[in-house]
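Residues per chain are reported as follows:
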Amino acid sequence: MREQPPSTDRAPACPGPDPHPHRPTRFVVPQGAVDTHAHVIGAPPAHPLVSGRSYTPPPATPESYLAMLDATGMSHGVLVQVSVHGTDNSLMVETLTANRDRLRGIAVIPLGLPDRELAALKAAGVVGLRLNVLYGGGVGFDQLDQYAALAREMGWHLQFLVDAKDLPDLSPRLGKLPVPFVVDHWGHFPTSRGIADPGFQALVSLVRDGAWVKLSGAYRNSVEGPPYADTVPFARLLHEAAPERCVWGSDWPHVAHWQHMMNVGDLLDLLADWVPDPVARARVLTDNAHRLYGFGPRA
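What you are looking at is a predicted structure, and each value in this text was computed from that prediction instead of being measured.

Participant: Honestly, unusual backbone geometry in this entry has me stumped. Any pointers?
Facilitator: Backbone geometry follows two general trends: most residues other than glycine have a negative phi, and most peptide bonds adopt the trans configuration. Note the cis peptide between Pro44 and Pro45, where omega equals 5°. Mapped onto the fold, Pro45 is located in the loop between strand E1 (34-38) and helix H1 (62-72). Trp252 connects to Pro253 through a cis peptide bond whose omega is 5°. Looking at the element boundaries, Pro253 is found in the loop between strand E8 (246-248) and helix H9 (264-274). Of note, His254 is a non-glycine position whose phi angle comes to about 65°, a positive value.

Right, dumping it as C-alpha cells:
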C-alpha cells in the first residue's frame, strides 16, 4: 500500500479512472447490484477544492459515474462525499436529487447544521455520515459521540475512513456507538502486516460483533499489485466473520492513486475470489447493500 503524500496546498495531481469500464468476466452481475463506494468531483470555481487536501483529482462527473454503472451492470450506487470538497456536499446532493431511485449518499458535515439543512440532505437521499482521519479535508474522530447522536436522530449510520492499526485503541468507543457503522476499504490495511496483526484482528472482531465492512480498495491494500491476489485471505476472513454485513464498492474514480489504474470490471472479477460462493456473492452485491442503504428489497 502506498503512503499518501502529506496534506498541502500544492497537493499532487492524480490521474482519472480507466475511461472504458467493462463488466466482469468471471460471473454475471446480479440484478439490483449496488456499488457502495464512489465519488463525484467537480471543478473550481463552481466546486472549489479545499486548501488542505492531500491530492488534486480531475473532475469525475455524475454522467461519467452513471455511465460506469451502466457499463459494469450495476443497478445502484452510493456516493461518498470526497475529501477534496470538504463539507461542501452540493455536487453530491445535486447528483442524488437527480437520481433518487438509483443513488444514495454519505455526507461530510460540520456539527450544528440547521434542522432544515439536515432535512434537505435526508430528502435528497443521504443515509449516513463519513468521518475521515486519513486524507486532508475530512472530518475526524474528535467529536465522534456528537456525530453518533446526530446520526441516531436522523436515522443514519456512520462510515469511517481509518487505518486499521488504530482500531485496537478505537474499538472500545466504536463498540458502544448507538448506530450502525461501516469501515471503508477494510481499514486501509496493507497485506504485508499479515492476518495476525492486531489491527486486522480488531477489525475482524468488530465485524463479527456488529460492524459493517466494505470489501473494496484492493489496490490500496495490496502490496503485490494486480491482480491483488494477496488480498484474498483477508477479504475471506472478513466475509466469514459476518457475511450479512459485507458490501462491495468500486472506489471509483480511484483518487489518490498513482500506480496501475485498474478497471472496475477487474475489481469485480476479484470479488469472485474474495467470495467464491455465487449465492453469498450475490448477497454482498445486492441484499446486504439494499438493507444498509435503504434501496428496498431486491425483486
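Once the structure has been displayed, the description carries forward.
Participant: What is the right way to look at the packing of helix H6 (residues 198-209) against helix H8 (residues 232-241) in this model?
Facilitator: A pair of packed helices can be characterised by two numbers: the angle between their axes and the separation between those axes. Contact geometry for H6 and H8: axes closest at 8 Å, N-to-C directions at 25°. Considering the angle they form, H6 stands roughly parallel to H8. Contact with H6, carried on its side by Phe200, Leu203, Val204, Val207 and Arg208, involves Phe234, Leu237, Leu238 and Ala241 of H8 and no other residues of that element. Split into classes, the residues belonging to the contact of H6 with H8 amount to 8 nonpolar, no polar and 1 charged.

Participant: For this particular structure, what's the right way to read the pattern of salt bridges?
Facilitator: Close approach of charged atoms allows side chains of opposite charge to pair. Applying the stated criterion across every chain, the model contains 8 salt bridges. Here Asp70 and Arg102 are joined by a salt bridge, their closest N and O atoms 2.7 Å apart. Of this pair, Asp70 sits in helix H1 while Arg102 sits in the loop between helix H2 (90-98) and strand E3 (103-107), and the two are 32 residues apart along the sequence. When its relative accessible area of 46% is taken as the criterion, Asp70 is described as partly exposed. Here Asp184 ties to Lys214 by a salt bridge, and the two come within 3.9 Å at their closest N and O atoms. Of this pair, Asp184 sits in the loop between strand E6 (181-183) and H6 while Lys214 sits in strand E7 (residues 212-215), and the two are 30 residues apart along the sequence.

Parameters and conventions
Residues numbered from 1 in each chain as written. Predicted model: local features only at pLDDT ≥ 70, side-chain atom pairs only at ≥ 80, totals over all residues. Heavy atoms only, no water. Helix = DSSP H or I, 4+ residues; strand = E, 2+ residues; numbered from the N terminus. Axes fitted to C-alpha atoms, helices over the stretch in contact; angles between N-to-C directions. Parallel < 35°, antiparallel > 145°, perpendicular 65-115°, else oblique. Contact = heavy atoms within 4.5 Å. Nonpolar A, V, L, I, M, F, W, Y, C, P; charged D, E, K, R; others polar. Salt bridge = Lys/Arg side-chain N within 4 Å of Asp/Glu carboxyl O. Buried < 20%, exposed > 50% of the residue type's maximum accessible area, 1.4 Å probe, protein only.

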